[in-house]
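Chain and residue survey
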Amino acid sequence: MQTLSLGQVVAAIYETVIRPEQFDRFTVGPQDSAAAAAPVRRQQGQRRPAPMLKAHFARAAQIQELQWQRSGRPHPGAYSGNCTRFWLLADVREGGGVLNASQRAARQLTGGVSLPKAMGLTQAATECWHNYLEDVRRDDYSGRDVLLLAGCGTGEQFLCRPVRFDGSGAVAIMAERLDTGWTPEAVAPVAEALSLQEADFEPLREAAGGASGKIGNALEQAAERAGAPGPAELIRLAAFLMNEHSRDLAIARGTQLPPSGTFEDSSGQRSQYFRLGAETGQPVIFLHGMLDGIAPLQRLQPQLRQLGFRVYVPMRRGYGGSVPLRRGEDPAAAFVRQLEALMAYKNLQRPVLLSHRGGALYGFLAARQLHSRIAGLVAVASNCSINSARRLSSVSGYAWLMALGAARANWMLPALMKCWSAALRWYGHETLLRIQLRRGSREQAALWQLDLLPLLQQSQLLFREQGGAGFLADIKMLRQGAQLAAPGRATQSVFVHGGDDHVAPLATVRDMLGGLPEARLCVSQESGALLFYTFPELVLTALQDLTATLEG
């Protein structure tokens, strides 16, 4: 089971508390304040609240109150609905409508559509909604009432709670959409991270299965043990973490691509980038290889988030959505411009570069030209040259033909690229890794136990999106070899390499590092060219060690 880090939970607390749709906590009347402050009786032998999480909830509420004050202390019907979440504030009076709504919700409330229909509630949930409205009208409710309603969408739920307007005595109902990823794989680590049991989330599980109704009382004690102010805050936090963890697992398995965006360099050329890891933390820029793209790092998404690495993956020109190089354009200069543009666009201060296979050459270039703007380099299974006869004999099949074309006959490359793409479709995407394996090696046996096909299929789609233009540019770059640019002598560098790497032999890497006093070499004798797949913990440890050195 993949666990969640304390940092991940803390970040989720601030994300789920500091929201304008919860400003009503500062406009409650005396009766609601007393209800909110009422202590929950703890049973004998029951664990005390998590003090650290409770402190972060309190600090998040303080920050939220400052934002409310800076916004002019708006009442619940007046604060801004400018956000991407779905929420609405419903008037409980007969014939009442919507008092406030986010932009996302407002788009669904057109044409006189009823609220339950606009929210997409099930029939049973619609009945619960109307009963809840009636209870609030009769003043038969508690300020800590929490209603969960099932939506028609998969895993879709609505968190509903009463909201009192300060001084007027008017009451409304706030409905917030929760996009939950309810799976056993997500529930267990979230419960452990919040010092709860899986059974504590039984009311949420039932609601996810289509049930609707009040669940506040059932979660009061669980909320107290987790350090949350009340059931609503616990539900938001748990739903957010479950959805985040489920999404991370989907990314790691290749059933979903990571979030992506685009930016332009100083020459106006568009590039695509992917986002992996945590939302905050040490910035890392991953320089992908030629054959498998983002696949080796993508499968580590849960671990990257847990360790607090904020990873950006720029697709080099000609890969994915990054435009190909123009005729005669220098790929080295284009890459440095791309990297500088990404760092400026995302305000990345001293990122660590993490390179894989052919991406190492670009890592050397960046570390050499950007100097102190780069914190360090971790190079995994570096492959920086294909210009010798020995290196040509270390690969097989179409990879050998591509390497031969790059080293001996450039005019063959476009035709060979088309043939290779057709061969991958015919023989399968695992061919990308198979051509780098030594037959009968321990690495080969370990690799076949991994389910990598969905990840490799995604990477090949990115590989072919620009007709293989990026690959052709890379393979021409490799002809120049590592002598083009080694990391600067003062650059903190860690090289992680396999002792059985027959494509880029260990001896070649040792020779290259001879003149780099700040470089360290970590060798795994049991691995070869596919170290990133078979021993990913070595890569993550190298990243942690380099980051710790920088912080020290």
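See the structure printed just above.
Right, let's walk through the structure included here. Everything numeric here is computed off the predicted structure, so don't read it as measured data. (Residues numbered from 1 in each chain as written. Predicted model: local features only at pLDDT ≥ 70, side-chain atom pairs only at ≥ 80, totals over all residues. Heavy atoms only, no water.)

One can describe the packing of helix α7 (residues 184-193) onto helix α10 (residues 231-253) by two numbers: an axis separation of 9 Å at closest approach and a directional angle of 130 degrees. For the element pair α7 / α10, the angle class is oblique. Regarding α7 and α10, the two cross each other, and that crossing is right-handed. In this structure, α7 uses E185, A186, V187, P189 and V190 to contact α10, whose residues at the interface are A238, L241, M242, H245, S246, L249 and R253. Residues of the contact of α7 with α10, tallied by class, amount to 8 nonpolar, 2 polar and 2 charged. (Axes fitted to C-alpha atoms, helices over the stretch in contact; angles between N-to-C directions. Helix = DSSP H or I, 4+ residues; strand = E, 2+ residues; numbered from the N terminus. Parallel < 35°, antiparallel > 145°, perpendicular 65-115°, else oblique. Left-handed = near helix turned anticlockwise from the far one by under 90°. Contact = heavy atoms within 4.5 Å. Nonpolar A, V, L, I, M, F, W, Y, C, P; charged D, E, K, R; others polar.)

The 6 strands lie next to each other as β2-β1-β5-β4-β3-β6, forming an open sheet whose pairing is antiparallel. Every other strand in the sheet has two partners, leaving β2 (98-101) and β6 (213-214) as the edge strands with one partner each. With 3 bridges connecting them, strand β1 (residues 87-91) and β2 associate as antiparallel partners. Bridge pairing in β2 places L89 opposite N100. (Pairing = 2+ DSSP bridges.)

This next bit is on helix α6 (residues 123-137). Its 15 residues give α6 an end-to-end C-alpha distance of 22 Å, which sits within 8% of 21 Å, the value for a rise of 1.5 Å per residue. Buried residues along α6 sit against β1, α5 (115-119), β3 (147-150), β4 (156-164), β5 (171-179) and β6. Taken from the residues just after α6, D139 is the one with a positive phi, measuring 65 degrees. (Expected span 1.5 Å × (residues − 1).)

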